[in-house]
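# Structural characterization, general
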Amino acid sequence: MKYVSQAVRKVDAMSLVTGKPVYTGDMVPSNTLMVKILRSPHAHALVEEINTTAAMKVPGVVAIFTHQDVPQNRFTTAGQTYPEPSPYDRLILDKRVRCVGDPVALIAAETEAAATKAMGLIKVKYQVLEPLLDFTKAKDNEILVHPEEDFKALCPVGADNKRNLCSTSFTENGDVEAELAKCPVVLERTFNTKANNQAMMEPFVTFSYLDEYSRLTLVSSTQVPFHVRRILANALGMSKANIRVIKPRIGGGFGAKQSAVSEVYPAFVTMKTGRPACLCFTRQESQANGSPRHQMQVNVRLGADADGTIRALDVHALSNAGAYGEHGPTTVGLVGTKSISLYGKLNASRFTTEVVYSNTMGAGAYRGYGATQGLFAVESTVNELAAQLGMDPCEIRMKNMVKQGQQFAMYYGETCTSNTLDKCMETAKHMMNWDEKYPKKVLDNGHIRSVGVAMAMQGSGISGVDVGSVEIRLNDDGFYTLLVGCTDMGTGCDTILTQMAAECLDCEMENIAVRGVDTDQSPYDCGSYASSTTYITGMAVVKACQALREKILQQGAKMMNVPVDTVEFDGKRVFVPGTEQQVSLSNIGYTSFEGSGNYLSVCESHSSPVSPPPMMVGMVEIDLDPQTGKVELVDYVAVVDCGTVINQNLARVQTEGGLVQGIGMTLYEDIQYTQKGRMLNDSFLQYRIPTRLEAGTIRVAFESSYEQTGPFGAKSIGELVINTPAPAIVNAIYNATGVAFHSLPVKPEHVAMALLQKEQ
Amino acid sequence: MQVTITLNGKPYTAEATPDTQLLTFLRDAGCKSVKCGCETSGCGLCTVHMDGKSVLSCSVLAAQAAGHTITTMEGLQEQAAEFGAFLADEGGEQCGFCSPGFIMNVLAMINELDCDASDEEIREYLAGNLCRCTGYQSQLRAIRKYLAAKGGKAE
Ligand code: FES
Ligand code: FES
């Protein structure tokens, strides 16, 4: 193929590498009010009084808004298809503050300096309440995070605000207790993960203005422009018809921007003042009041035969929504579905969840979306099973992994239609030289070199829910316009969809002008999340191009006055094979712009009844210093089955980037709170994401299956790749030390302490 | 107060308060390639050249830069495009938000390190430039290929 499966440069690459002003913050018009948020210093309090007299006197201050000024409609900022599973539990500004940093007042001023100065002069009297900080004690605690009567869950997710429950669920296939009772080997383990920050390099940023039709227009760094339109309508109590959302280039999202974290505030200011307004989060705000991964406690019970055949898995996840329920009910769902389903010989499985509110920062969507936490727990338990039985952890997986054609154990009744997990394992073993290196080797300097392994799966879009659409038009001179509604956040979907269109239309990529999202112009797409763009929106491209080809054939045949079934299209011309008769695409384009013609444009959408999982094996080699406990990455091998790889470069870089985020989660990233609930590490100096010194060497290979329901056989890749580092690295640490860690991150002091304890 | 710098080869004067960061001063001057990722010297997104050397513009005051020569990517378009093409061919700009700061530091680096610098030296030099998207591997591949093309040495 000419474009599909090639390592094509991204269509926006050169503007990015030459520093062009293409991001939200680069486009803020002059005369824009700068918005600052006064945030609560308390984790739980009632705002009793706000005095803004002194603040309003600061030159340049235009307006200050408090909870008394905002609409009283509860809403969610979760970017999800309506009706959202996330409860409607927040106001723009609330009398009750539920975490440190919860917004108390909005200041709008001519300059940022004036807004900041005024912020310091606002006097707030709080009635400080006892905070609920330990999420494991949240259920039925006497402290209620959401006591309000107008709390509303649109979907039956098992929410009960009078019990601090954001959602609950229960699924069981077969009889788990009976099956566990029959198993000669039963392991029970509890795992803890923290609320990791996405730490995308561009903080949350939005500006808004009233356009020439007096409609509210938002330019925002968002993954979900169409959902933002609805969220704003809900929050502001206004009609969606009067809202337009534009997404320029995005400086990274990873799920953080699947919630409308910054959007509602400037929009509210614009509606109140009629002026353009801009809110740019500081890094500190992005870290402390963003939308991080859900902190979880995952309990796994695993039953197996003596030969290592896994017969039963029972997973219980307790998830910390924090102050608000964005993505709470849905992230937790992936904990079990994306881990239990890796195993193909289960006689019974059970998955139960509880998502609770507490007075910590509200969580959201982060790449992996619960699967990451679930896979850490289940894959680690499987590694411990292997150790207990004296088996190689690769071998135990070869024995148990789900095979193509099998029904998944717990995956919405879906069948495994494309899967090369066994090949991934073989290739990874070969690349890592596993048989030689497993389990460990002690070096002359006393350091230990060891290896570890894990598998992972994810989904490709949300089955039966996600919708992707594109519109493709033929223009005069024969070039195309491709309007897409999904959001390229650096992931490269503008490029990938253009590659697919060029392939389908037999043309050069340069002949296609792709345009990202403006809700007034782009066709509806739910947005870029749940690893959906390649698989879902890609299929919309394939369909649209097929339909456009039909129209081009018809128009060409009409122009030549021949029956349509006698003509062919080769990308440049419509012709009658075996004759001289032809008409160029350019000519067809011109004609379609004339009175006699017929404008050629197609809009197609796609949604899928299934969500075929991409699969992978991750293998790591570490260097562990038993003196200091320091773990360094020597080599990471990732072998991925994402179906057909549409763009070799982008898939590879996605994998490398996802792995390094996973490495950060495993070894470094450690959100900590004071006893009063204030986050301790809200800067890059304290919340350490991996630099290029910690990333080690990463090697990526693909073992492509062919997914019949995907465009050109493709599945997804974006989220999958973050999932293996935690269980694989923890496995390598076990192989080096004999200590199995169950809580993340694993820091040098933990390893050193554990080794000391072991000695004693 | 008035601050005058030589900005991308031309004299530039504007108002600044004593606490104005060079970062804001430059963005206000229209140099939008200079990105803000943290304001606490922790990310490298705001890297510019002061008298030919890399500095973090969030940790330099506009007043401190008075009289100095400041170069942003707006003033190094050709060089940025030249290295940027190698980066683009590796897919090493994902969201691209870190790219200007990173590339400015790469351009400073090639004046200081030899073409046969080791991977370790390169990683050390660029350690302050964070990237959350790429996992850094593609950036190293791009640098190696660029150095090989420049120095005529094998990768
Ligand atoms: S903004 Fe200067 S180092 Fe981050
Ligand atoms: S490419 Fe996104 S932060 Fe580097």
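Numbering of residues begins from 1 in every chain and follows the order in which that chain's sequence is written. Written order decides the labels, with chains lettered from A and ligands numbered from 1. Totals for whole chains, interfaces and linings use every residue, but because this is a predicted model, local features are given only for residues with pLDDT of at least 70 and side-chain atom pairs only at 80 or more, for both listing and counting. Side-chain metrics rest on all non-hydrogen atoms present in the structure, leaving aside hydrogens and water.

### Points about the domain arrangement of chain A
All names here are of chain A. The domain boundaries here were taken from an automatic or database domain assignment. Under the domain assignment, chain A is made up of domain 1 (13-129 + 201-252 + 256-288), domain 2 (295-460 + 611-759) and domain 3 (468-606). Of note, the centres of domain 2 and domain 3, computed from C-alpha atoms alone, are 40 Å apart. Listed as interface residues are 18 residues of domain 2 and, on the opposing side, 15 residues of domain 3. Computed with a 1.4 Å rolling probe, the buried area is the accessible surface lost when two parts are put together, summed over both parts. Contact between domain 2 and domain 3 buries roughly 1300 Å² in total, counting both sides, with carbon and sulfur atoms accounting for 66%. The largest share of the area that domain 2 buries against domain 3 comes from I646, P711 and F712, three residues that together contribute 40% of it. For the purposes of these results, a polar contact is taken to be a pair of N or O atoms within 3.5 Å, where, inside protein, one atom must be able to donate a hydrogen and its partner to accept one; residues adjacent in sequence count only when each atom of the pair is a side-chain atom. Put simply, domain 2 and domain 3 have 4 residue pairs in polar contact (both at pLDDT 80 or more) between them. Throughout, a residue-residue contact means that at least one pair of heavy atoms, one from each residue, lies within 4.5 Å.

### A closer look at helix α3 (residues 77-90) of chain B
Think of an α-helix as 3.6 residues a turn; residues three or four steps apart then line up on the same face. Look at α3(B): 20 Å from first C-alpha to last across 14 residues, which is about the 20 Å you get at 1.5 Å a residue. Each residue is assigned a bend, namely the angle between axes fitted to the seven residues that terminate at it and the seven residues that start at it. Secondary structure elements follow DSSP: runs of H or I no shorter than four residues count as helices, runs of E no shorter than two count as strands, and numbering proceeds from the N terminus. At B:G84, α3(B) shows its largest bend, some 30°. Throughout, exposure labels follow a simple rule: accessible area from a 1.4 Å probe, protein chains only, divided by the maximum for the residue type, with under 20% read as buried, over 50% as exposed, and the rest as partly exposed. When we look at burial in α3(B), the residues that qualify are B:A80, B:F83, B:G84, B:A85, B:L87, B:A88 and B:E90. In this structure, the buried side of α3(B) is in contact with α1 (13-17) and α16 (648-667) of chain A together with α4 (99-112) and α6 (137-151) of chain B. What a helix is expected to span follows from its residue count: subtract one and scale by 1.5 Å.

### A few points about the packing of helix α9 (residues 371-389) of chain A against helix α10 (residues 393-400) of chain A
All names here are of chain A. Between N-to-C directions, angles cover 0 to 180 degrees, with each direction set by a line fitted to C-alpha atoms, over the stretch in contact for helices. Look at α9 against α10: their axes get within 9 Å of each other, and the N-to-C directions meet at 110°. Taken as axis vectors, α9 and α10 run roughly perpendicular relative to one another. Here α9 and α10 pass one another in a crossing that is right-handed. Together, E379, V382, N383, L385, A386 and L389 of α9 and P393, I396 and R397 of α10 make up the contact between the two elements. Residue polarity is assigned by list, with Asp, Glu, Lys and Arg as charged and Ala, Val, Leu, Ile, Met, Phe, Trp, Tyr, Cys and Pro as nonpolar; anything else, Gly included, falls into the polar class. A per-class count over the contact of α9 with α10 returns 6 nonpolar, 1 polar and 2 charged. Under this scheme an angle from 65 to 115 degrees is roughly perpendicular, one under 35 degrees roughly parallel, and one over 145 degrees roughly antiparallel; angles in between are oblique. Two helices that cross are described as forming a left-handed crossing if the nearer one is turned anticlockwise from the farther one by less than a right angle, and a right-handed crossing if clockwise.

### Topic: the sheet that holds strand β23 (residues 582-584) of chain A
All names here are of chain A. What makes two strands pair is DSSP finding at least two bridges between them. With antiparallel pairing, 3 strands are arranged side by side in an open sheet as β21-β22-β23. Across the chains shown, the open sheet's two edge strands, defined by having one partner strand only, are β21 (568-569) and β23. Both β21 and strand β22 (residues 573-575) contribute to a ladder of 2 bridges, which runs antiparallel. Bridge pairing in β22 places E568 opposite F575. Where helix α15 (residues 585-592) meets the sheet, its contacts fall on β21, β22 and β23, and the angle it forms with β23 comes to roughly 70°.

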